[in-house]
Amino acid sequence: MNKNLLFVALVAFGLVGAMTTPAEAAVQFCFKHNVDFIDSGLELDSPCDSYSPERCEDRWLDNDAYVARGIKATIQQKVSGVYTEIWSGYVDDGNGTDGAGCTPDLDPAGVNTGWYKLTLESKAKVNGDYVYVRDASNALAMATIVSYIGSDNTTYTYSFSGTSSGLTFERFNVLSAATQPLWYHDFNIAPWVYYYFDVIDSGSGSQYYTNTGHVEIRSTSTDNSANRKFIITHEMGHALLHDIVTSKYKNNSTFTDPGGTCTSATGNNHAVDTKEYQSAAMNEGFAHYYASIAFNRTDQDDCYFHHWKESRGTVDCEDTGGSLVEAYMLNRCYATSQSGRGVELDWWRTYWDLRVKGSVTDQDMRTWFQTADSWTDTDVYSKLNAAANDMGGTLNATWDDPAVPNNRIDF
Ligand SMILES: [Zn+2]
């Protein structure tokens, strides 16, 4: 590669100046995603600017470069004019360690200076779980960085964005968001769960498919899901719940009588604030919750989530946010029977209360879902209530007060 081509490569991928020293004479390569999310930086948006900034979601508030946790990388060194593989694998995910997003120290030939070719793929291993992000033809995105390493005994960090737009970029963007909740909250499912995302530049409506276990992320000018971190992790929440509860998984969103006063702004019968079958409210509420814990700290009470539908904007997932009152079904959906029904928002806030007010762990929640008897579309509350009574402890105490009393999912 001549010097001009080298210049192009470095502009596209951005070699970050920070170079540190590995423990021994070697080179080390680290990677960061340059992300682009519509639902970042919301502390600057209404209604967040009417509160203090810390009341909005805590993580990824800017479109910055974030550690490419566990990304698949192949490192080649140019030896006698030929690029030769010296390392291939998933880089460090940073779980419990420093140096996240980095290869091990590499010392392939004693002489480590010279030309390297660094190839990244849109898949990652985080906390023992695997995430694959592909296109409609099952192709992973690939990107190559060519770089001259002038100093031995050095760590080089690359800020990486694939191409600046289009499907390659979208697949890496989806990967960046999907690796975040796994790092914090994988519900101890490792190593047997795999998340598959298929990014499709057409159609509308991102969705989790129970038959394939795949999430389709639809990305068009009107439904730009690959650029929405809360959609990506919401759909992942469905996949996680399915893996936890297996055949008990239900999400029947066909109920079409939202009950007069709680009809959402768009009349959508499958929304955060409409009356649905309890199975749908429980499931969608969990998916919202999973996206919430990806980008909110659970050691702080406040919780914010940027919704993609109904002009809902930022939803307060801890307590009352504007018209989204607590115990929404109780207070807004009383025109028709509430029996066996639920509202996503109420279930979502119940999970958040369990986690944050009760310190209920991922493992507790997983055990609770797994030990509950199978539920129908209309008796999820009673089945989970029975399982909470059986488990006792913090989960049951928080469930009995304040999670259920505040949010009133007990119908
Ligand atoms: Zn959903």
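Fair warning: this is a prediction, and the values are worked out from it, not measured in the lab.

A few words on the overall build of the protein. A count of helical and extended segments in the protein gives 9 helices and 16 strands. Put simply, 71% of the contacts in the protein that link residues at least 6 apart link residues at least 24 apart.

Next up on the list: the packing of helix H7 (residues 362-371) against helix H8 (residues 380-391). Taken N-terminus to C-terminus, the directions of H7 and H8 make an angle of 120°; their axes are 9 Å apart at the nearest point. Judged on the interaxial angle alone, H8 and H7 are oblique. Handedness of the crossing formed by H7 with H8: right-handed. Mapping the contact onto sequence places Thr367, Trp368 and Thr371 in H7 and Leu384, Ala387, Ala388, Asp390 and Met391 in H8. For the contact of H7 with H8, the per-class residue count stands at 5 nonpolar, 2 polar and 1 charged.

Another aspect to go through is the environment of serine 40. Tracing the sequence through the fold places serine 40 in the loop between strand E2 (27-34) and strand E3 (65-67). Sequence separation of serine 40 and aspartate 64 is 24 residues, and the distance between their C-alpha atoms is 9.6 Å.

Interaxial distance between helix H4 (residues 278-295) and helix H6 (residues 344-356) falls to 7 Å at its minimum, and their mutual angle equals 50°. By the angle class used here, H4 and H6 are oblique. Between H4 and H6 the crossing geometry is right-handed. Of the residues in H6, those touching H4 at Ala281, Met282, Glu284, Gly285, Phe286, His288, Tyr289, Ser292 and Ile293 are Glu344, Asp346, Trp347, Trp348, Tyr351, Trp352 and Arg355.

Moving on, we get to the nonpolar core. In this structure, Phe31, Val131, Val174, Ala178 and Tyr290 are the most contacted members of the largest nonpolar core, which totals 98 residues. Take this core: its biggest share by element is 11 residues, from H4. Setting aside residues no more than four positions away along its own chain, tyrosine 290 makes contact with Pro181, Thr233, His234, Met236, Gly237 and Leu240.

Across the protein, the average pLDDT comes to 83, with 82% of residues at or above 70. Within the protein, the lowest mean pLDDT, 36, falls on helix H1 (residues 3-13), and the highest, 98, falls on H8. pLDDT under 50 marks residues 43-47. Its contacts with residues more than four places away, or in other chains, come to 9 contacts. pLDDT under 50 marks residues 49-54. Its contacts with residues more than four places away, or in other chains, come to 2 contacts.

This brings us to helix H9 (residues 393-407). End to end, H9 covers 20 Å across 15 residues, agreeing with the expected 21 Å (1.5 Å per residue, within 8%). At tryptophan 399, H9 shows its largest kink, close to 45°, and the proline proline 402 lies no more than four residues downstream. Those residues of H9 that fall on the buried side of the exposure criterion are Leu395, Thr398, Trp399, Ala403, Val404 and Asn407. Next to the buried residues of H9 lie H6, H7 and H8.

Remark: a regular strand shows side chains that alternate across the two faces of the sheet. When strand E4 (residues 71-79) meets strand E6 (residues 114-126), the two strands line up antiparallel, connected through 7 bridges. Its bridge partner being in E6, lysine 72 is matched across the sheet by glutamate 121. With 8 bridges joining them, E6 and strand E8 (residues 142-149) adopt antiparallel strand pairing. Looking at E8, one finds that lysine 117 is bridged to valine 146. Bridge count between E6 and strand E7 (residues 129-135): 4 bridges; the pairing is antiparallel. Looking at E7, one finds that lysine 123 is bridged to tyrosine 132. Hairpin connection, E6 to E7: the antiparallel pair is bridged by 2 residues, and asparagine 127 has positive phi, about 55°.

Reading guide: rules and limits
- Once a new chain begins, its residue numbering starts again from 1 and follows that chain's sequence as written.
- The predicted nature of this model means local features are confined to residues of pLDDT at least 70 and side-chain atom pairs, given and counted, to a pLDDT of 80 or more, with totals for whole chains, interfaces and linings taken over all residues.
- Counting from the N terminus, the helices are DSSP H or I runs at least four residues long and the strands are E runs at least two residues long.
- Residues are defined as contacting one another if the C-beta atoms placed from their backbone atoms lie within 7 Å.
- For helices, the fitted line uses only the C-alpha atoms of the stretch in contact; every axis is such a line through C-alpha atoms, and the angle between N-to-C directions lies from 0 to 180 degrees.
- Under this scheme an angle from 65 to 115 degrees is roughly perpendicular, one under 35 degrees roughly parallel, and one over 145 degrees roughly antiparallel; angles in between are oblique.
- Each helix crossing is assigned a hand: it is left-handed if the near helix lies turned anticlockwise from the far helix by less than a right angle, otherwise right-handed if that turn is clockwise.
- Three residue categories are used. Nonpolar comprises Ala, Val, Leu, Ile, Met, Phe, Trp, Tyr, Cys and Pro, charged comprises Asp, Glu, Lys and Arg, and polar comprises the others, including Gly.
- To define a nonpolar core, we join buried Ala, Val, Leu, Ile, Met, Phe, Trp, Tyr and Cys residues through C-beta atoms within 7 Å and take the resulting set.
- Once C-beta atoms are placed from the backbone, each residue is buried if 20 or more other C-beta atoms lie within 10 Å of its own, exposed if 12 or fewer, and partly exposed for counts between those two.
- Note: pLDDT gives the predictor's confidence per residue, expressed from 0 to 100.
- For a helix, the expected span equals 1.5 Å multiplied by the number of residues minus one.
- For a residue, the bend is simply the angle between two axes, fitted respectively to the seven-residue segment ending there and the seven-residue segment starting there.
- Should DSSP find at least two bridges between two strands, the strands are taken to pair.

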